Amino acid sequence: MLTVTEVEKIILDLIKPIKDKEFVSLLDATNRILAENISSVLDFPYWDNSAMDGYAVKYTDVSIATENNPVSLKIVEEIPAGYCPQKTIAQGETARIFTGGMLPQGADTIVIQENTKREGDKVLVFVSPPTQNFVRHKGSFYRAGDTLLSAGIKINPPEMAILATAQCINIHVVRSPIVAILSTGDELITPDKELKLGQIIDSNQYLLASFIQQNGGIPLPLGIIPDDETALENAISQALEKADWVISTGGVSVGEYDYVDKVLSKLGGEIKVQSVKMKPGKPLTVATFGDKLYFGIPGNPVSTMVTCWRLLKTALEKLSGKTNYSFPSIVRGITRNYLRSDGMRETYLWGNVNLIDGYYQFTIADGSHSSGNLVNLQGVNGLGIIPIGTNLIEIGDDVKILLVN
Ligand code: AMP
Ligand code: MG
């Protein structure tokens, strides 16, 4: 059986990031992955401008100014932001200027208004500023033609602002991954049906749809498939036609009704992983159909969630074309409860993590830590990890914590 880290590597190595592009308007681009390098024909700043409210001066005019011997300059123009200066500043002259205002010809330095006193059409300067003080120079942030944003980055608020500044009102982003979802099991019913004895309501379909959506994919929920080889075969082959990935839950254990692996092989899938030394989540099937991936994950809701958090989140990010996809955030902290395991598999216990005085503290969720209990998964933001070979982590001891949500 493979370790979690080994399986993580196998999965990531199998993933070929999506290259297909689509055109979206800028306001629809949040959370999308940029599909092409962006450059601008403009320098940033577009022109020299003032970073402060004050006076645009020649440095040589004010270099000797002091509190007791202020320099008097003639104000020849007023330059609010958005105005194009009409005058060239000559020796002994200045222009009143406001933040963002364009620096006039002849001036090279800004004196902030706090260091001046206005007297009619003159201003007294009391302090000698450093030369070029508070001038934002044309092209000092970015030179026209250079790469401004690289393909493969995620578009968050700062990138939106940069794209707008570069006048990119429509952009190419990577097509979002489509992930088909199948729930397998004769016992399952949809949430709108009345529960009969022995049945179970399909929650995994919803859990997975939400997880996929949260992580930039397009969920394609394909419903419940009975534990029947032919039905499963049809459902899987149809799902593979429609999606980049197929995720099914249930039917990957060693029970009589667990047909998934058999059907995958029959359909020509190459099985790369069959189980992982992880609790919950041991029976995990990963198969490839060309570039498409199939994940058969166990039916227990907590196993499904933990497998998503630990193994599929990074994988989905890589598939989506993000260049710097992020690995799971695993931090070190201390546990406020005893954490127990049989020591045979890497064990994930769900709970809450708080950052107190710079230290992460992990508190295990109340209630049963059965992989069938999804009720105490609510509000979870961290999973305490007990390594293989460890049976007990004592209160106050060091623990690795996987940060989620
Ligand atoms: P299996 O992996 O098929 O052996 O299922 C393991 C357990 O998870 C069984 O108790 C199933 O009833 C339950 N289960 C399977 N699929 C789902 C699902 N889609 N939603 C909720 N529970 C499920
Ligand atoms: Mg089943």
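Everything numeric in this text was worked out from a predicted model, so none of it was measured.

**Concerning the overall build of the protein chain**
Thought 1: If you tally the helices and strands in the protein chain, you get seven helices and 28 strands.
Thought 2: Relative to a compact globule of 405 residues, whose C-alpha radius of gyration would be 22 Å, the protein chain shows 31 Å and is clearly more extended.
Thought 3: A separation of at least 24 residues holds for 71% of the contacts in the protein chain among residues at least 6 apart in sequence.
Thought 4: When the accessible area of the protein chain is evaluated, it comes to approximately 19900 Å², of which 51% is carbon and sulfur surface.
Thought 5: Computed over 36 positive and 45 negative side-chain charges, the inter-centroid distance for the protein chain is 3 Å.

**Focus on the domain arrangement of the protein chain**
Thought 1: Assigned domains of the protein chain: these are domain 1 (4–19 + 175–319), domain 2 (21–41 + 146–174), domain 3 (49–136) and domain 4 (330–403).
Thought 2: Here the C-alpha centroids of domain 2 and domain 3 sit 38 Å apart.

**Considering the environment of I236**
Thought 1: Secondary-structure assignment places I236 in helix α5 (residues 229–242).
Thought 2: C-alpha of I236 to C-alpha of G106: the two residues are 130 residues apart in sequence and 73 Å apart in space.

**Side note on the sheet that holds strand β9 (residues 122–125)**
One key point about sheets: their strands pair by backbone hydrogen bonds, in either a parallel or an antiparallel sense.
Thought 1: Spatially, the six strands line up as an open sheet ordered β7-β4-β6-β5-β9-β8, and their pairing is mixed. Among the strands making up the open sheet, the edge pair consists of β7 (109–112) and β8 (116–119). Each adjacent strand pair in this sheet contributes to an overall mean axis angle of 40°, direction not counted.
Thought 2: Summarising the sheet, strand β4 (residues 54–57) and strand β6 (residues 93–97) pair through three bridges and their orientation is antiparallel.

**A short note on the side chain of R310**
Thought 1: By the secondary structure assignment, R310 is in helix α7 (residues 301–319).
Thought 2: Ignoring sequence-local partners within four residues, the contact set of R310 consists of V4, E8, M278, P328, I330, Y348 and L402.

**Quick notes on unusual backbone geometry**
Thought 1: Residue P45 is reached from F44 by a cis peptide bond, and omega for that bond is -10°.
Thought 2: With an omega of 0°, the peptide bond running from K279 to P280 counts as cis.
Thought 3: By secondary structure assignment, the location of P280 is in the loop between β19 (278–279) and β20 (285–289).
Thought 4: The phi angle at Q132 is positive, at roughly 70°, despite the residue not being glycine.
Thought 5: When you line up the elements, Q132 lands in the loop between β9 and β10 (135–136).

**Observations regarding the nonpolar core**
Thought 1: One finds W245, I247 and F295 to be the most contacted residues of the largest nonpolar core, which totals 46 residues.
Thought 2: Among residues more than four places away in sequence, those in contact with W245 are I15, I178, V179, A180, L293, F295, L312, A315, L316 and L319.
Thought 3: Formed by 17 residues, the second largest nonpolar core is a distinct cluster that contains L240, V263, F289 and Y294.

**Overview of the site of ligand 1**
Thought 1: Taken together, 15 residues are adjacent to ligand 1, and E187, I200, D202, G251 and G299 come closest.
Thought 2: Measuring from a nitrogen atom of ligand 1, one finds a backbone N or O atom of S203 at 3.1 Å.
Thought 3: In the model, an oxygen atom of ligand 1 is placed 2.9 Å from a nitrogen or oxygen of the G251 main chain.
Thought 4: Bound to the protein, ligand 1 loses 79% of the 480 Å² it would expose on its own.
Thought 5: Of the residues belonging to the shell around ligand 1, the class tally is four nonpolar, nine polar and two charged.

**Re the pattern of salt bridges**
Thought 1: Scanning all chains against the criterion turns up 15 salt bridges.
Thought 2: Residue D244 is joined to R175 by a salt bridge in which the shortest nitrogen-to-oxygen separation is 3.0 Å. In this pair, D244 sits in the loop between α5 and β17 (245–249) while R175 sits in the loop between β12 (170–174) and β13 (178–184), placing the two residues 69 residues apart along the sequence.
Thought 3: A relative accessible area of 16% means that D244 is categorised as buried.
Thought 4: For the salt bridge of K266 with E233, the shortest nitrogen-to-oxygen distance reads 3.0 Å. On the criterion of sequence distance, the pair formed by K266 in helix α6 (residues 260–266) and E233 in helix α5 is long-range, its members being 33 residues apart.
Thought 5: Judged by relative accessible area, K266 falls into the exposed class, the value being 54%.
Thought 6: When salt bridges that share partners are traced, they join E229, E233, K262 and K266 into one network.

What counts and what doesn't
- Residues numbered from 1 in each chain as written.
- Chains lettered and ligands numbered in written order.
- Predicted model: local features only at pLDDT ≥ 70, side-chain atom pairs only at ≥ 80, totals over all residues.
- Heavy atoms only, no water.
- Helix = DSSP H or I, 4+ residues; strand = E, 2+ residues; numbered from the N terminus.
- Rg over C-alpha atoms; globule rule 2.2 N^0.38 Å.
- Contact = heavy atoms within 4.5 Å.
- Areas by Shrake-Rupley, 256 points an atom, 1.4 Å probe, with all protein chains shown as cover.
- Lys, Arg positive; Asp, Glu negative; His and termini not counted.
- Charge placed at Lys NZ, Arg CZ, Asp CG, Glu CD.
- Domains from an automatic or database assignment.
- Pairing = 2+ DSSP bridges.
- Axes fitted to C-alpha atoms, helices over the stretch in contact; angles between N-to-C directions.
- Core = buried A, V, L, I, M, F, W, Y, C linked by side-chain atoms within 4.5 Å.
- Buried < 20%, exposed > 50% of the residue type's maximum accessible area, 1.4 Å probe, protein only.
- Near = heavy atom within 4 Å.
- Polar contact = N/O pair within 3.5 Å; in protein donor to acceptor, adjacent residues only side chain to side chain.
- Nonpolar A, V, L, I, M, F, W, Y, C, P; charged D, E, K, R; others polar.
- Salt bridge = Lys/Arg side-chain N within 4 Å of Asp/Glu carboxyl O.

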